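# Residue-level structure breakdown
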Protein chains: 2
Amino acid sequence: MRAVDIIIQKRDKRELSREEIEFFIHGFVAGQIPDYQAAAFAMAVLLNGMTPAETTALTLAMAHSGQTLDLSQVVDIAVDKHSSGGVGDKTSISVMPMVAACGLPVGKMSGRGLGFTGGTLDKLESVPGYRCDLTTEEFKKQLKEKGIVLTGQSLDLAPADGKLYALRDVTGTVPSMPLIASSIMSKKIAAGAQAIVLDVKVGLGAFMQTLEEARVLADLMMDIGRLAGRKTVALLSDMNQPLGSAVGNALEMVEAIELLRGRAPRDYYEHCLHVAAHLLVLGGRAKNLQEGREMAQRSIEDGGALEKLRVLIQAQGGDVAYIDDIGRFERAKFIETVKSPRSGFVSQVHARLVGEAAAALGAGRAKKGDPIDRAVGFLIHKKVGDKVEAGEPLFEIHANDEKKLAEARTNVLSAYRFSDEFVPPLPLFYG
Amino acid sequence: MRAVDIIIQKRDKRELSREEIEFFIHGFVAGQIPDYQAAAFAMAVLLNGMTPAETTALTLAMAHSGQTLDLSQVVDIAVDKHSSGGVGDKTSISVMPMVAACGLPVGKMSGRGLGFTGGTLDKLESVPGYRCDLTTEEFKKQLKEKGIVLTGQSLDLAPADGKLYALRDVTGTVPSMPLIASSIMSKKIAAGAQAIVLDVKVGLGAFMQTLEEARVLADLMMDIGRLAGRKTVALLSDMNQPLGSAVGNALEMVEAIELLRGRAPRDYYEHCLHVAAHLLVLGGRAKNLQEGREMAQRSIEDGGALEKLRVLIQAQGGDVAYIDDIGRFERAKFIETVKSPRSGFVSQVHARLVGEAAAALGAGRAKKGDPIDRAVGFLIHKKVGDKVEAGEPLFEIHANDEKKLAEARTNVLSAYRFSDEFVPPLPLFYG
C-alpha cells in the first residue's frame with residue numbers, strides 16, 4: 001500500500017477501505033506519511049467528501065492512534081456529552097451533578113476556551129484549589145467512589161486528530177463535515193464513551209451557522225456512533241445569542257451553581273433539563289425523556305444536584321465554601337449597568353460579538369496558553385423577544401480596566417438589534 | 001497576504017489574481033510556503049481547475065522563479081519546439097538541422113529519457129564526444145555563429161516547476177491540465193522562446209490517452225502562449241504506435257541521420273516536414289505551411305540539412321565520422337528478426353508496450369541518473385495498416401543479453417494485434 005495511491009483514490013472519488021484509511025492514519029501519526037501527503041489527502045476529502053462508512057473508519061483509526069481510556073470496569077455504561085462550543089455555555093457544570101444525583105455516574109474530560117468560546121475547565125478553576133490535572137488512576141477511582149469527575153485531558157487521546165487538526169488549520173481544510181465529525185467523535189471514543197449526547201450549536205455564535213449544515217453534521221456523527229457501536233443522540237441548539245445570562249468564567253460558574261439552587265435564567269434551565277434527560281435515558285436510568293426530565297428537576301428541588309457539585313469540588317481539591325457562598329467569587333473592579341438606548345423589542349444579541357467582547361475584556365485567549373482574567377465578563381439582562389423601555393438595564397459589564405470597560409460597552413451595544421414590532425423569543429432547540 | 005487564504009480561495013472555486021499566484025509561487029520557491037500548503041493548493045487546483053488567465057499567471061510566475069535565458073541579442077526570433085514525449089520520437093534531431101539549413105537559427109535545451117519514453121540527449125550521446133553540458137555563454141555563441149545548438153539544461157530554469165513537480169508526483173496531483181500546461185510552458189518561456197511549436201502526443205504511448213484531453217491541453221497551452229505574448233502553435237500527433245521504425249538510442253540516432261539522406265520511414269518523414277514547416281512559418285522564414293514544407297524538403301534534397309547536422313555534431317565535440325558512416329555506431333551483441341505469427345493486417349503496435357520493452361532491454365531508465373545501454377532497441381518493420389504474411393519479418397530486436405532478448409520477443413509480440421479485415425493506417429496528425 002502506498003500513501004499516494006490512497007490520495008489518488010480519494011481524488012478520483014472512489015471509496016476507501018477501512019484498511020486503507022487505517023494505513024494512512026497510522027503512517028501519518030508514525031511520521032512515515034509526511035504532512036504534504038496528509039494535506040493533499042485532506043483537501044481531496046474536503047472537496048470530494050466521504051461516505052459514513054469511510055468517516056467511521058477514519059474516526060476509529062484516529063481514536064485508536066494513541067492511548068484510550070477503558071471505563072468498562074468502572075461503570076456500567078460510560079456516558080459523555082459534547083458541545084460544539086458557544087458563548088455562555090456552562091451546561092456541563094450544572095448537568096453533570098444533576099445526572100450524577102440521579103444515580104448515573106459521569107466522568108468527563110473537558111477543554112479550555114479558545115477565541116470567543118469559553119471552556120469548562122476555565123470556569124471551574126474560578127473555584128480556588130480546583131484541580132483539572134487528575135491522573136487516569138485518580139479519574140477512575142473518583143468516578144467509582146464519588147460518581148462524578150470533571151477534569152482536563154490527562155492521556156494523549158487521539159493524537160492523530162491533534163496532528164491532523166493542526167495541519168488542517170494551515171491548509172484551508174477545516175470546514176469539511178467528515179473531518180469535523182471524525183475529529184469530535186474520535187476524542188469521545190478514545191475517552192471511553194459508550195453513549196454520547198452531542199449538543200450541536202447553530203447560529204451566529206457557532207461554528208455551524210445554518211440549521212442545514214448543523215443537521216448534516218449531527219446526522220453524520222449519529223451515523224458514526226451507530227457504525228462504531230456507540231449509542232448517540234444529537235441535539236441542535238440555538239447559539240444566535242448567548243445561553244443564559246452570564247458570559248465570563250467566574251460569572252458563568254456562579255450561574256451554574258445558582259441553577260442548582262433553582263435560580264437561573266429560564267433558557268439555561270430548560271437547556272440543562274433537556275440535556276440531562278437525554279443523558280439519563282441513554283445511561284438507562286430513565287425510561288423516556290419525560291421521566292428523565294422529571295428526575296433531573298427533582299435533583300434540583302431536593303438539593304441532590306447541589307450536593308453532588310459539592311462532592312465534585314471537594315474531591316478535586318476546590319474550596320467548597322465558594323459553592324455555599326457565591327459572594328466569595330472574585331469580582332471585577334468595575335461593574336457597570338448599561339441601559340437601553342431605546343424602547344422596543346430585542347431582535348438580536350449577536351452571540352459571537354458578545355463572545356469576542358468578553359475575550360477582549362480578558363475572559364478569553366487568542367491562542368493556547370494565554371492567561372485569562374476569570375472575573376471579567378457580562379450579565380445579559382435582556383434577550384431576544386424581551387420588551388425593553390429606553391433607560392431600562394440591558395446588560396452589565398464586569399471589567400478590570402476602564403479603557404476596556406468603555407470598549408466593551410460599545411461592543412456589546414453593537415451586538416444588540418431592536419425592533420418596534422413584537423419579536424418572538426428564539427427557540428432553544430431545533431431538533 | 002497569507003498562503004492559507006489563497007488555498008481557501010481556490011478551494012472555494014474563486015479566481016485568483018496574478019498577485020496572489022505570484023505571492024504563492026515565490027513564497028514556495030523561497031521556502032517560506034511549506035510543502036504541505038503547496039500540496040493542498042495543488043489538490044485544490046486539480047479538483048477545481050484554473051482559468052486560462054490564472055494558468056498564465058502561474059506559468060509566468062514559475063518561468064520567472066529562477067534564471068532565464070535572453071536570446072534577443074542573439075537571434076531575430078527565438079523559436080522552440082516541445083514534444084510531450086513518446087516512443088521512437090527523434091524528431092528534434094532531424095528537424096532542427098532542416099530549419100537551420102533554411103536560415104532559421106535554432107537553439108534548444110532538451111531532456112533525458114525517463115520510464116518508457118526516450119530523451120533527445122541520450123540519442124545524441126550515442127555519437128562519441130558529443131557534449132550536452134554547454135554553458136549559457138557557449139550556447140549563445142554557438143547559436144550566433146553556427147545557427148544550431150542542441151544541449152542539456154545548463155541554467156536553473158523555472159525552479160518552481162521542478163520543486164512543484166516533485167511534490168505533485170507524491171501527492172497525486174500530476175494529471176491536472178493547468179498544472180501540466182504551466183509546467184511545459186514555464187520552461188519554454190524561461191528558456192527564452194518567443195515562438196513555440198508544441199507537439200502534443202495522443203494515444204496509447206502518450207500521457208494524453210484521448211484526443212479530447214489532448215485537445216484541451218493544446219488549447220490551454222495556446223491560450224497561455226497568447227496571453228503571455230508568445231506565438232504558439234500546437235499539433236496533435238499520433239502516439240498509438242511508435243513514430244518511425246527505430247526505438248532505442250543509437251538506432252534512433254541512425255534513423256534521424258538517415259532521414260536527412262532521404263532514407264526514412266514515411267510516417268517519420270511526414271511528421272518532420274510538418275513540424276519543420278510550422279517552425280519556419282513561426283520564425284518568419286516561410287510565408288505559409290506549403291512554402292515551409294517545400295523549403296524543408298529541399299533542405300534534405302540538397303544536403304543542406306545533413307550538413308547542418310555535421311556542423312552541430314562538430315561544434316559540440318562529437319565525432320563527425322559517425323554521421324558520414326552510420327556503420328560506426330555501436331551495435332548490440334544479439335540481433336534477431338522476429339517473424340509474423342500469422343497473416344493479416346496489423347491493427348495495433350501498442351506504443352507503451354514497445355517503449356516498456358525497450359526500457360526493459362536497457363534503453364531506458366526507471367529513475368533519474370540510472371545508466372542506459374545505447375545500442376539496444378527495436379526496428380519496427382510492420383506498422384498499423386500494413387498487410388503481413390505469416391513468416392514475414394515483423395520487427396528486429398537488438399539486445400546485449402540472451403535472456404532479455406527472449407523477454408523482448410514476447411513483450412513486443414504482445415504489443416501487436418492483427419485483423420483479417422483491412423485496417424487503415426493511423427493518421428499522423430489529428431489537428
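Counting of residues starts from 1 at the beginning of each chain's written sequence and follows it residue by residue. Note on labels: chains are lettered from A, ligands numbered from 1, in written order. Reporting in this predicted model follows two pLDDT cut-offs: at least 70 for local features of residues, and 80 or more for side-chain atom pairs to be given and counted; totals over whole chains, interfaces and linings ignore these cut-offs and use all residues. Only hydrogens and water are removed before side-chain values are computed, so all heavy atoms of the structure are retained for them.

## Side note on the relation of the copies chain A and chain B
For this overlay, a least-squares fit was computed on C-alpha atoms, restricted to residues scoring pLDDT of at least 70 in both copies. Take chain A, turn it by 179°, move it 0.1 Å along the axis, and it overlays chain B with an RMSD of 0.1 Å. A rotation of that kind, with that shift, is consistent with a two-fold axis. Within chain A, the C-alpha atom positioned nearest to the axis of rotation is that of A:Tyr36, 1.9 Å from it. Residue contacts are counted whenever heavy atoms from the two residues lie within 4.5 Å of one another. When the interface residues of chain A are mapped onto chain B, 100% of them are again interface residues, pointing to one common binding face.

## So, the interface of chain A and chain B
Between chain A and chain B, the contact holds 21 residues from the first and 21 residues from the second. Summed over both partners, the interface of chain A with chain B buries about 1600 Å², with 76% contributed by carbon and sulfur atoms. Every case where a carboxyl oxygen of Asp or Glu lies within 4 Å of a side-chain nitrogen of Lys or Arg is listed as a salt bridge. For the pair chain A and chain B, the number of links is 0 salt bridges. By the criterion applied in these results, polar contacts are pairs of N or O atoms within 3.5 Å in which, for protein atoms, one can donate a hydrogen and the other can accept it, and in which residues neighboring in sequence qualify only through two side-chain atoms. Across the chain A-chain B interface, the total number found is 4 residue pairs in polar contact (both at pLDDT 80 or more). Here a helix means four or more residues in a row that DSSP labels H or I, a strand means two or more in a row labelled E, and each is numbered from the N terminus. Of all the secondary-structure elements, those providing two or more residues to the side of chain A that touches chain B are helix H1 (3-11), helix H3 (35-48) and helix H8 (159-170) of chain A. No other element matches the 10 residues that H3(A) contributes to the side of chain A that touches chain B. Residues were grouped as follows: Ala, Val, Leu, Ile, Met, Phe, Trp, Tyr, Cys and Pro as nonpolar; Asp, Glu, Lys and Arg as charged; and all remaining residues, including Gly, as polar. Tallied by class, the residues present in the side of chain A that touches chain B amount to 13 nonpolar, 5 polar and 3 charged. Two parts lose some accessible area (1.4 Å probe) when they are put together, and adding that loss for both gives the buried area.

## A closer look at the packing of helix H1 (residues 3-11) of chain B against helix H2 (residues 18-29) of chain B
Residues and elements named next belong to chain B. All axes are obtained by fitting lines to C-alpha atoms, using only the stretch in contact for helices, and the reported angles, taken between N-to-C directions, cover 0 to 180 degrees. Closest axis-to-axis distance for the H1/H2 pair is 10 Å, and the angle between their directions is 125°. Relative to H2, H1 is oriented oblique. Helix-helix and strand crossings are classified by hand; for H1 and H2 the assignment is left-handed. Of the residues in H2, those in contact with Ala3, Ile6, Ile7 and Gln9 of H1 are Glu20, Phe23 and Phe24. Among the residues making up the contact of H1 with H2, the classes are represented as 5 nonpolar, 1 polar and 1 charged. Angles below 35 degrees are treated as roughly parallel, those above 145 as roughly antiparallel, those between 65 and 115 as roughly perpendicular, and all remaining angles as oblique. Should the near helix be turned anticlockwise from the far one by less than a right angle, the crossing is termed left-handed; should it be turned clockwise, right-handed.

## Quick word on the sheet that holds strand E8 (residues 344-349) of chain B
Residues and elements named next belong to chain B. Think of it this way: DSSP has to see at least two bridges between two strands before they count as a pair. Strand order in this open sheet of 3 strands is E10-E8-E12, and the pairing throughout is antiparallel. Only two strands of the sheet have a single neighbouring strand rather than two, namely strand E10 (387-388) and strand E12 (416-419). As judged from the 2 bridges shared by E8 and E10, these two strands associate in the antiparallel manner. Bridge pairing in E10 places Phe345 opposite Lys387. Along the sheet face, helix H17 (residues 402-415) touches E8 and E12 and points at about 45° away from the line of E12.

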